Amino acid sequence: MSRYRTLDAIEVQGKTALVRVDHNVPLDDGKVRSDLRIRRSIPTIRSILDRGGKAVLLTHLGRPKGKPDPEFSVAPVARHLEHLMGHPVQFVPAVTGDDVRRAVDSLSAGEILYLENVRYEPGEQTNDPDLARTLASYADFYVNDAFGTCHRAHASVVGVTAHLPSVAGQLVRAELLYVKELLANPRSPFVAVIGGIKISDKIPLMRNLMSRVTTFLVGGGAAYSFLAESGLSVGGSPVEPDLVGVVSEIRAEAKQAGVEIVLPEDHLVIGVDGDKGRSWVVDESIPEDASAVDLGPRSAVRYAQAIERAAEVVLFGPMGVFEWGDPFSRGTEAVVRAMARCSGITVVGGGDSSRAVLAAGVESSIDHISTGGGAFLEILGTGILPGVEALVAAPTEI
Ligand code: ADP
Ligand code: MG
């Protein structure tokens, strides 16, 4: 991976940092429902304040279509950050304009200013140079700690780096260290667990990991495109028909590379009518009137054993519809609990996967839970993130 600078390389005292965070978190009735991304951004903010700097924070939230929309205001997120940090957070309900300028100018060392949703600006997603210049004018240097947005070439992620010395924050750094660990320094046995609903999202990742992993354990909706490809009946289970050809190629590549692809040998199913009140276990072949919603118990044990013995495990996607709760969460729980017991390096990618880890209460026994989602998939699939490349290319002095 290319070389980028980090926050410790910057003299912070008396300076203003523009910190792009990814506080794009789920809100319920104006309350933050899951605050992992907010919590993980705090070390970088503290590092700036503790060293006598000033922090101007910027995030996006949802998709407000380039104009103000109260539904996507980040005011509740700013309040939540204030609560978590036990430190005042001054919120200005704008991204540009006189109010922002005044607030930036009157900021003192050790203070936090939180701006409104950067996607209220039409120039954010188009990486408009004028918006980038305006954002850069608030600060002496730029910190990218928005790992989950690093796959987007937006004004506050890429554009600003043309105008300021730019560094990676601690979260981005931690995420990239794990990516490097997985890609450049794989340990055997290396088990990659592929689940979730869309196998197409995970194909580039499987290809890029092919030369590195020992075993792919495939579960969740992803498994059914593989089972369908091998000619088994999958009933009403989710299959991406366009991908059957790609699945054949993946299998051939795995054979060539000596990588084992493990598929479920039993399944928890419900009827195609979708009635969750009636579920049962079937063997490998799924009846026409049923749809698989989780690993069966034998598969869950088999997957857990393979995970526990691994030197390195990475999880991409739940093994079933875990959000429906018991019994539909059993396969996913077996997998995340086995990861928690594993003495090797354990990494979780994907938003739903990380929710499953939190739901099982094993967060503290996992080495790294990525906040990245799409960004994590992209860098593991291609080795490149625009937001990180921009840091490498940024000026070191202005
Ligand atoms: P991640 O966010 O961890 O990358 P995905 O977004 O790819 O994971 O997939 C998560 C979703 O996959 C969950 O909402 C879960 O309900 C769904 N899912 C998993 N297995 C199945 C299945 N057998 N049938 C339908 N949906 C499934
Ligand atoms: Mg998801």
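No experiment lies behind these values; they were computed from the predicted model shown.

### Quick word on the sheet that holds strand S1 (residues 16–21)
Spatially, the six strands line up as an open sheet ordered S5-S6-S4-S1-S7-S8, and their pairing is parallel. Only two strands of the sheet have a single partner each, and these edge strands are strand S5 (89–92) and strand S8 (166–168). Averaged over all pairs of adjacent strands, the angle between strand axes in this sheet comes to 25°, irrespective of strand direction. Looking at chain direction, S1 and strand S4 (residues 54–58) are connected through five bridges and run parallel. Within S4, the position partnered with alanine 17 by the bridge is alanine 55.

### Quick notes on the environment of glutamate 323
Among the secondary structure elements, glutamate 323 is positioned in the loop between strand S15 (312–316) and helix H10 (330–341). Distance in space between the C-alpha atoms of glutamate 323 and alanine 356 is 8.0 Å, their sequence separation being 33 residues.

### Observations concerning the packing of helix H6 (residues 199–209) against helix H8 (residues 244–257)
Interaxial distance between H6 and H8 falls to 11 Å at its minimum, and their mutual angle equals 15°. Here H6 lies roughly parallel to H8, going by the angle between them. As H6 runs across H8, the sense of the crossing is left-handed. In this structure, H6 uses Ile203, Met206 and Arg207 to contact H8, whose residues at the interface are Val246, Glu249, Ile250 and Glu253.

### Looking at the environment of aspartate 326
Looking at where aspartate 326 falls in the secondary structure, it is placed in the loop between S15 and H10. Overall, the relative accessible area of 53% leaves aspartate 326 in the exposed class. Within the local environment of aspartate 326, its side chain forms a polar contact with the side chain of arginine 330, the two groups lying 2.9 Å apart.

### Details of helix H1 (residues 36–50)
Its 15 residues give H1 an end-to-end C-alpha distance of 22 Å, which sits within 8% of 21 Å, the value for a rise of 1.5 Å per residue. Its maximal kink placed at isoleucine 42, H1 deviates by approximately 30°, while the proline proline 43 follows within four residues. For H1, the full list of buried residues reads Leu36, Arg37, Ile38, Ser41, Ile42, Thr44, Ile45, Ser47, Ile48 and Leu49. Just downstream of H1, glycine 52 is the residue with a positive phi angle, here 80°.

### Let's talk about the site of ligand 1
Near ligand 1 you find 19 residues, and of these Lys202, Ala292, Glu323, Asp352 and Ser353 are the closest. At 2.5 Å, a side-chain N or O of serine 353 approaches an oxygen atom of ligand 1. Its free accessible area being 580 Å², ligand 1 has 83% of it covered by the protein chains. Those elements that place two or more of their residues in the shell around ligand 1 are strand S14 (290–295) and helix H11 (351–360). If you tally residues by element for the shell around ligand 1, the top one is H11, at three residues. When grouped by side-chain class, the residues that make up the shell around ligand 1 number seven nonpolar, nine polar and three charged.

### A word on the pairing of S4
In terms of residue burial, S4 counts as a mostly covered element, since five of its five residues are buried. Here S4 shows a buried face lined by Lys54, Val56 and Leu58 and a second buried face lined by Ala55 and Leu57.

### Focus on unusual backbone geometry
A cis geometry characterises the amide bond from serine 188 onward to proline 189, with omega recorded as -5°. In this structure, the amide linkage connecting aspartate 326 to the following residue, proline 327, adopts the cis form with an omega of 5°. Positionally, proline 327 belongs in the loop between S15 and H10. Here the phi dihedral of aspartate 29 falls at roughly 55°; this positive angle occurs in a residue that is not glycine. For aspartate 29, the position within the fold is in the loop between strand S2 (27–28) and strand S3 (31–32).

### Things to note about the pattern of salt bridges
If you walk through the whole model with that rule in mind, you get 21 salt bridges. A salt bridge links arginine 187 to glutamate 312, with the nearest nitrogen and oxygen atoms 3.8 Å apart. Here arginine 187 is found in the loop between helix H5 (170–184) and strand S9 (190–194), whereas its partner glutamate 312 is found in strand S15, with 125 residues between them in sequence. Look at arginine 187 and you get partly exposed, because its relative accessible area is 37%. The class of glutamate 312 is buried, set by a relative accessible area of 0%.

Cut-offs used in this document
Residues numbered from 1 in each chain as written. Chains lettered and ligands numbered in written order. Predicted model: local features only at pLDDT ≥ 70, side-chain atom pairs only at ≥ 80, totals over all residues. Heavy atoms only, no water. Pairing = 2+ DSSP bridges. Helix = DSSP H or I, 4+ residues; strand = E, 2+ residues; numbered from the N terminus. Axes fitted to C-alpha atoms, helices over the stretch in contact; angles between N-to-C directions. Parallel < 35°, antiparallel > 145°, perpendicular 65-115°, else oblique. Left-handed = near helix turned anticlockwise from the far one by under 90°. Contact = heavy atoms within 4.5 Å. Buried < 20%, exposed > 50% of the residue type's maximum accessible area, 1.4 Å probe, protein only. Polar contact = N/O pair within 3.5 Å; in protein donor to acceptor, adjacent residues only side chain to side chain. Expected span 1.5 Å × (residues − 1). Bend = angle between axes of the 7 residues up to and from the residue. Near = heavy atom within 4 Å. Areas by Shrake-Rupley, 256 points an atom, 1.4 Å probe, with all protein chains shown as cover. Nonpolar A, V, L, I, M, F, W, Y, C, P; charged D, E, K, R; others polar. Salt bridge = Lys/Arg side-chain N within 4 Å of Asp/Glu carboxyl O.

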